[in-house]
Amino acid sequence: MQLRTRRAGVAAALAGTAAILLASGIAPVAASSVPPPQEDRFYRPPAGLAAKPPGTVLRSRPVQLAAFAALPQRVQAWQVMFRTTDYAGKPTAAVTTLLRPAGTRPKAIVSYQVAEDASAPQCAPSYVMRPAADYGEAINQAEILLVDATVADGFAVSMPDYEGLAGDFGAAKQPGYIELDGLRAAEHFRPLGLKAGRRTPAALWGYSGGSLASGWGAQVQRRYAPELNLRGVAVGGFATNVQQALLKINGGPAAGLVASALPGVLRSNPNLARHVVPYLTAKGKAILAKSATQCEIANVSSYPFFDANDYLKIPLTKLLAHPAVKRGMKALNLGGTTPKAPLFVYHAINDELIPVAGPDAIVPRYCHGGDSVTYVRDSLSEHGVLAVSGGPAALAWLHARLTGGPKPHGCTTTTVATMALTPSAIAQEPGLARAILSGLAGLPIGPSAF
């Protein structure tokens, strides 16, 4: 069977977009002069961060969002820079994009983590979701449609640049700090109309690379932001073990993801870098330097069937067996702390990018010391398909958590043919479809749309 990647899901989304454009005559937005973060003064943090509490709003501005960098989204949106904490525990700043549903005051908020999967600043969602950003980032840009569905449910959304200002893919803990401080900033950002702390239900959601980031938010919340009313965390295509995923992807059609991720991984873990970089060949160093300037699709397209063994002075297995490298890689993995909030985990058994062995192993560990885990294993989907087919069930679960539905207790593991045909998904799918159509057609996005 031919190995497929997330492009299958993106191709379907793009085909649907084209059909709607042709049928409606909607014109894409014209090219704009939105500068990338490296050239935008908004992304330069102010001095004196150490004196400010985490989550402090530093600056903000209203922004226009677009689906696929072309279709304007009729939703109020702002970029907010806030004070947070980096992977070394030091004060830093980050940016999140906040969305407010049309026609209602939100009573809950979802932090949605886009699967950025790159190590360059211009790949951050705050830039990629703007009009006339790089059209080649369609995979990430397609995720605005799941964000639209969340907003259409009546929830505010925080879409953080969880890799930080430098684009540190794979950094331990930092994504969680940024997500949680993004929620803190959102709850104090007056235009959203939310209340702070326990008075506002909150949730995290992410798929693939976004699931790894969301997992960190779930793990660090108990100690880092215990005042937040985190009602639930939904993670799909659940990346729990960085080394396991890299080995699975290495050498395959999507192996450019390895080159895309490694610069951020090494940048955020200097001790690991000290033991890895000396074993890179000159060509290996050049590839990582180049991939650190590109986003996900460019790297996957540039380095198909990338095999790390070809760019190392010793075999990859021998390098990974080095004690210091083993310790460094282990520090990047989830599982060290049990989340306090209930979890909804969904994963394709035949996932070709992220082995199902990861969530299979971590779910029992979380169940042993945590609150609740609902784990759904999908038999028919692969990675890209489940990103779409699992979305309705995940959103239905989050909706119940944020609107006072019965709190889940204990742990369940269920294997289904396809999540798209589960009762909760079927009930959610019409609303999700309406929200997506609203986003594509340029209609107001909120509970009253359509």
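Conventions we followed
- Residues numbered from 1 in each chain as written.
- Predicted model: local features only at pLDDT ≥ 70, side-chain atom pairs only at ≥ 80, totals over all residues.
- Heavy atoms only, no water.
- Helix = DSSP H or I, 4+ residues; strand = E, 2+ residues; numbered from the N terminus.
- Phe/Tyr/Trp six-rings, centres within 6.5 Å; stacked < 30°, edge-to-face > 60°.
- Buried < 20%, exposed > 50% of the residue type's maximum accessible area, 1.4 Å probe, protein only.
- Lys NZ or Arg CZ within 6 Å of the ring centre and 35° of its normal.
- Salt bridge = Lys/Arg side-chain N within 4 Å of Asp/Glu carboxyl O.
- Pairing = 2+ DSSP bridges.
- Axes fitted to C-alpha atoms, helices over the stretch in contact; angles between N-to-C directions.
- Contact = heavy atoms within 4.5 Å.
- Disulfide = S-S within 2.5 Å.
- pLDDT = per-residue confidence, 0-100.
- Parallel < 35°, antiparallel > 145°, perpendicular 65-115°, else oblique.
- Nonpolar A, V, L, I, M, F, W, Y, C, P; charged D, E, K, R; others polar.

1. A short note on unusual backbone geometry
The phi dihedral of alanine 69 is positive, around 60°, even though this residue is not glycine. The residue alanine 69 is located in the loop between strand S2 (66–67) and strand S3 (71–72) in this model. The backbone of lysine 173 sits at a positive phi, close to 70°, despite the residue not being glycine. Among the structural elements, lysine 173 can be located in the loop between strand S7 (156–160) and helix H5 (174–188).

2. Topic: the packing of aromatic side chains
One pass over the full model with this rule turns up nine aromatic pairs. A centroid spacing of 5.6 Å and a plane angle of 40° characterise the contact between phenylalanine 344 and tyrosine 346, whose relative ring orientation is tilted. Relative accessible area serves as the criterion here: at 5%, phenylalanine 344 is assigned to the buried category. With relative accessibility at 1%, the residue tyrosine 346 sits in the buried group. Of the aromatic side chains, those joined through ring pairs into one cluster are Tyr207, Phe344, Tyr346 and Trp397. Taking the ring centre of phenylalanine 42 as reference, the NZ or CZ of arginine 61 above it sits at 4.1 Å. Just above the ring of tryptophan 397 sits the side chain of arginine 401; from NZ or CZ to the centre is 5.0 Å.

3. Section: the pattern of salt bridges
Taken as a whole, this structure holds five salt bridges when the rule is applied. The shortest N-O distance in the salt bridge between arginine 61 and aspartate 40 comes to 2.7 Å. Taken as a pair, arginine 61 in strand S1 (residues 57–62) and aspartate 40 in the loop between helix H1 (7–24) and S1 lie far apart in primary sequence, 21 residues in all. Take aspartate 40: its relative accessible area is 8%, and that puts it in the buried class. We note a salt bridge from aspartate 181 to arginine 184, for which the minimum N-O separation is 2.8 Å.

4. Observations concerning the sheet that holds S7
Strand order across the open sheet formed by ten strands is S1-S4-S5-S7-S6-S8-S9-S10-S11-S12, with mixed pairing between neighbours. This sheet does not close on itself; its edge strands, each paired only once, are S1 and strand S12 (410–416). Between one strand axis and the next, the sheet turns by 20° as a mean value, whatever way the strands run. Inspection of the sheet shows strand S5 (residues 91–100) paired to S7 by four bridges, in the antiparallel sense. Its bridge partner lying in S7, leucine 98 is registered against serine 158. Where helix H4 (residues 144–152) meets the sheet, it contacts S5, strand S6 (109–113), S7 and strand S8 (201–207), and its direction lies at approximately 150° from that of S7. Across the sheet, H5 lies against S1, strand S4 (76–85), S5, S6, S7 and S8, angled at about 125° from S4, the strand it touches most.

5. Side note on the state of the cysteines
Here the structure, examined in full by the defined rule, presents two disulfides. In the chain, the cysteines engaged in disulfides, taken in order along the sequence, are linked 1-2, 3-4.

6. What to know about the confidence of the model for the chain
For residues with low pLDDT, the predicted coordinates do not support detailed interpretation. Per-residue pLDDT for the chain has a mean of 90; in total, 91% of the residues score no lower than 70. Throughout residues 1–27 the model reports pLDDT below 50, and contacts reaching past four residues in sequence, or to other chains, amount to 32 contacts.

7. Let's talk about the packing of helix H16 (residues 391–402) against helix H17 (residues 423–441)
Where H16 contacts H17, the two axes come as close as 8 Å, and the packing angle between them is 95°. When the axes of H16 and H17 are compared, the pair comes out roughly perpendicular. Residues Gly391, Pro392, Ala393, Leu395 and Ala396 of H16 form the contact with H17, whose participating residues are Ser424, Ala425, Gln428, Glu429 and Leu432. Residue composition of the contact of H16 with H17, grouped by class: six nonpolar, three polar and one charged.

8. Brief notes about the environment of alanine 254
Its place among the elements puts alanine 254 in the loop between helix H7 (242–249) and helix H8 (256–267). Classification of alanine 254 as buried rests on a relative accessible area of 6%. Alanine 254 sits 42 residues away from glutamate 296 along the chain, and the two C-alpha atoms are 9.9 Å apart.

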